[in-house]
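Structural overview for review
What follows is each chain in one-letter form.
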Amino acid sequence: MRRVSENQNVRQLVTNTLENKRRLNDLSNQLTTGLKVSKPSDSVDAGSIARYQTLIAKVDSYGVAISQAKSFLEYQDGVVGQATEIIVRAKEIAQQAANETLSAESRAQLAEEVYQLRDQMASLANSSYQGRYVYGGADDDDPPYDKLTYDNPASGPAKDRYSFDGELGTAVGKSFKITDEISVNLNTPANNVFGSSIEGLERLSRALAGYKTLPATSGTPDGTGDAYVFPGEYHVQTADIRGAIDLFNKARDVELIPERVSLGGRLRRLETGQALLELTKSSAKEVLSRLQDADETEVAANLQQAQTALQASYSVTAKVLRMTILDYV
Amino acid sequence: MVNFTAKLLGNSVSGMTVQQALLANASNNIANVNTPGYTRREIDVLSRVDPVAIDGILRIGGGVQLGDIRRITNAFLESSLRTIGSKQGKAEVRNEYLGRVENIFSLSGAQQTVGMALNDFFSSVNQVGLNPSDLDLRLSVLQRGEDLVNSIHSAYQELADTQTELDQRLGQEIDSINVLTRDIASLNSTIAQREATGTLAPDERDQRDILLGKLSAKVSFKTLEIPNGMINCYLDNGFPLVSEATARPLTVTTAPSFAPGPLPPSLGGGILSYVTYDYGVAGAPTHLDLTQTLQNGEGSVAGILQLRGYADVNNTSAFEANGELVQMASRIEAMTRNLLTAVNQEYLGPDEDSGTGVHEPSSADLNGNPPGVFGLFDFTFSGAKDADGNGLPSMADLASTGIDSFSRFLKLGFSRADEFAAGRDVNPTAGARMVTAGDGSNAQAIANFRTQSQNFSVGSLSFTGTFDELYNSSVSTVGSLKASAQGEYEVARQSYSVASVKRDEFSSVSLDEEFANVIKFQKAFQASAKMIRTASELIDTIVGLI
């Protein structure tokens, strides 16, 4: 026959009561924190949980970066759009001016508007976003197009010229990671976008105003060039105007449109990246939640059960310990 | 005529005496119902043999007599209780301390962990690519860098402090072991003296069992009871802690005689102590190293040593010790060392003039200044950091500083936002370093580092993967260590409780049983008293005849 001693009785009752109380405590902790895993030892999946937590934090930070990059590229899209419109207008003027029925004086009257267009184009090339020159590449603290002067004339808008500074950093693209694997290039050097536009506008405006631009046919103007001698050089002026039209065509076909296409492509890539990150994040969150979050209904039900068990052990303990043989002898 | 009346009286008296003795024993049992370690006792009752046969043929019996007093105990139950007690002692310590250090790797998101700090740092470096000359973005790199350094510091320090605390606790445990073994030895001698006269010394034996139980919670040992009642206690390697009436006190020392040279440092830069038995010349004793035997055993001392680690006297680094805390600290230290070498190397950029021997950084900060050898992550040290002078940080450079744990000395290599070298030479072929303010290629190279697999190696740790992967695997490791310690603790607690219940079932006092016995003894006493009256009536009858 099994003996039951007083100590044994008390020990068992107390151990069971404490065990029930500990369980109640664990469950109420889970319910108040909402987490069933808050320490590595709470689950064998601790390593996975840490991995998903890192993944979500990483996706969040990439998400911020992507939205900043998107607004930067959208800004550039606007700039290139404006530049295209300027070129369309400039080409209209050039075609009108190329007509040899126009006198040199009438051509000179058209010059004024082209100067405006040229300055506008230069300011687009030198546009800044959040205090940085967009097309400055890595050299974004000074404008990519410097304002210089011609030897002839010495005054008036025809003396101004804009020249690409060609500093080393301008050619360096800015890029950054939008996911662990994909980096996106954020900008194009100014001369690759605006080079022909500015040169064309400058040649056109000078030609209309009555000045040659050297070198005569191609290449970046070097700041020299005398006035046409009319009427002898009237056809040279016409040829220069036609040359400008070629440059506008080049600007549109080789520089502005490809840049716009490329911007659109990069924006789409960012959007795809963003969508992909969202997808990664939501699936990671789902897995993490399954691994780490407490199922509140289940915990609440278990809590109820634990409470009942604890009450039962209290009542059993009190009843059993109150019983003694002394009441009967 | 034979005098049966005298026999009647004699037997009755012997009955009354014996029942009284039994009642007295029951009263002692009842009084000690709550005494810890008390073993209930029983008195053997024997019938007394008639010395002579009456009329040469009849042996009625000479009444009853008291036999020996017995402790109701079971050596097997006692020793299994001690074995489980040792297991519980070890599991309890490991569970307690691992529970503390696992908070370093918390998953609740409520506190800054090294994993989160790593993530934030690399993210902030990547953001610099968006606008490298932006001071706000650079400031964020500086702050996240500080956060990373601080979280590494505090994680490492927590581990090192815990190791130091365990080392101190080891000393306290050894002190109490010495007190226990001394008391056991002196009880051994008392028990032998008392029992030499043939009487049992039950109270002393109870006392000794309690002490053996306490000792077993601290250290595992084997016992051997020798015929004179003494108990010898042996460690697992046969070293006698208690041998008859002699106890062998253990010592904790940081200058053992078996060390050939300077001792290896601990995680915090101190020295881990050794548990020894000292013998030989007083003042300059020889030390017998018992640390590893204790570590391989059970009990709280084994738990402490398994966490804290044992440093072989020939080791030179804290990370060569074999403790669980050391394992975790190695992972943090491995991250630190790779930040100091691989990440710093990337930060310098490719060699500016690959022809010459010294590495010229091709990266530069906002002011055009190139970073130092330890430009991104640095450490506090007064001597030469780039010992080989080749301009590149390497593990060999770190080794030659003589510093063991760099995690304690890690700091950021720059202190102002503009000093973060985000750009790299845009024209490496030109002679001079040309770095523009808006260039973020160096920052991008560092950000890429996050997804690059590297080799991490410190002490016995060898891991290939990214920083994140190392951190995540550390979370798994600490989680499984703690979970297994907790599991062991739960099991040990349950088994201890079961073993205690078994022991109580066998040896502890049951009031029900005692009171039933009291009634039984009382009735027997009353019956013997009644027999005396019967004898008296017999005599009265005889006297009435006269």
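An account of the accompanying structure is given in this report. Quick caveat, the model's predicted, so the values are computed rather than measured. (Residues numbered from 1 in each chain as written. Chains lettered and ligands numbered in written order. Predicted model: local features only at pLDDT ≥ 70, side-chain atom pairs only at ≥ 80, totals over all residues.)

1. Remarks on the sheet that holds strand β5 (residues 240-243) of chain B
As summarised here, the arrangement of the 4 strands in space is β3-β4-β5-β6 (chain B), forming an open sheet in which the pairing is antiparallel. This sheet does not close on itself; its edge strands, each paired only once, are β3 (222-225) and β6 (246-247) of chain B. (Pairing = 2+ DSSP bridges. Helix = DSSP H or I, 4+ residues; strand = E, 2+ residues; numbered from the N terminus.)

2. Section: the interface of chain A and chain B
Taken together, the contacts link 50 residues of chain A with 53 residues of chain B. Among the elements of the structure, α1 (6-33), α2 (46-98) and β5 (175-177) of chain A are those that each provide at least two residues to the side of chain A that touches chain B. Ranked by residues supplied to the side of chain A that touches chain B, first place goes to α2(A) with 13 residues. A breakdown of the residues in the side of chain A that touches chain B according to their chemical character gives 16 nonpolar, 20 polar and 14 charged. (Contact = placed C-beta atoms within 7 Å. Nonpolar A, V, L, I, M, F, W, Y, C, P; charged D, E, K, R; others polar.)

3. Details of helix α4 (residues 135-196) of chain B
The end-to-end C-alpha distance of α4(B), which contains 62 residues, comes to 90 Å, matching closely the 92 Å that a straight helix rising 1.5 Å per residue would cover. After α4(B) finishes, the residue B:G198 shows a positive phi value of roughly 95°. (Expected span 1.5 Å × (residues − 1).)

4. Some thoughts on the sheet that holds strand β8 (residues 274-279) of chain B
Residues and elements named next belong to chain B. Pairing in this open sheet of 3 strands is antiparallel, and the strands run β7-β8-β9 from one edge to the other. Each end of this open sheet is capped by a strand with a single partner; those strands are β7 (251-253) and β9 (286-289). Looking at each pair of strands side by side, their axes are set apart by 55° on average, direction ignored. Two strands pair when backbone bridges link them, and β8 and β9 are joined in this way by 4 bridges, in the antiparallel orientation. Along β9, the bridge assignment pairs T276 with D289. (Axes fitted to C-alpha atoms, helices over the stretch in contact; angles between N-to-C directions.)

5. Quick word on helix α4 (residues 190-209) of chain A
Residues separated by three or four positions in an α-helix point in the same direction, a consequence of the helix having 3.6 residues per turn. Residues and elements named next belong to chain A. With 20 residues, α4 extends 26 Å from end C-alpha to end C-alpha; this agrees with the ideal 28 Å at 1.5 Å per step. The sharpest bend along α4 measures roughly 25° and falls at S196. Counting buried residues in α4 gives 19 out of 20 residues, a clear majority hidden from the surface. In the stretch just after α4, G210 is the one whose phi turns positive, near 105°. (Bend = angle between axes of the 7 residues up to and from the residue. Buried ≥ 20, exposed ≤ 12 C-beta atoms within 10 Å, placed from the backbone.)

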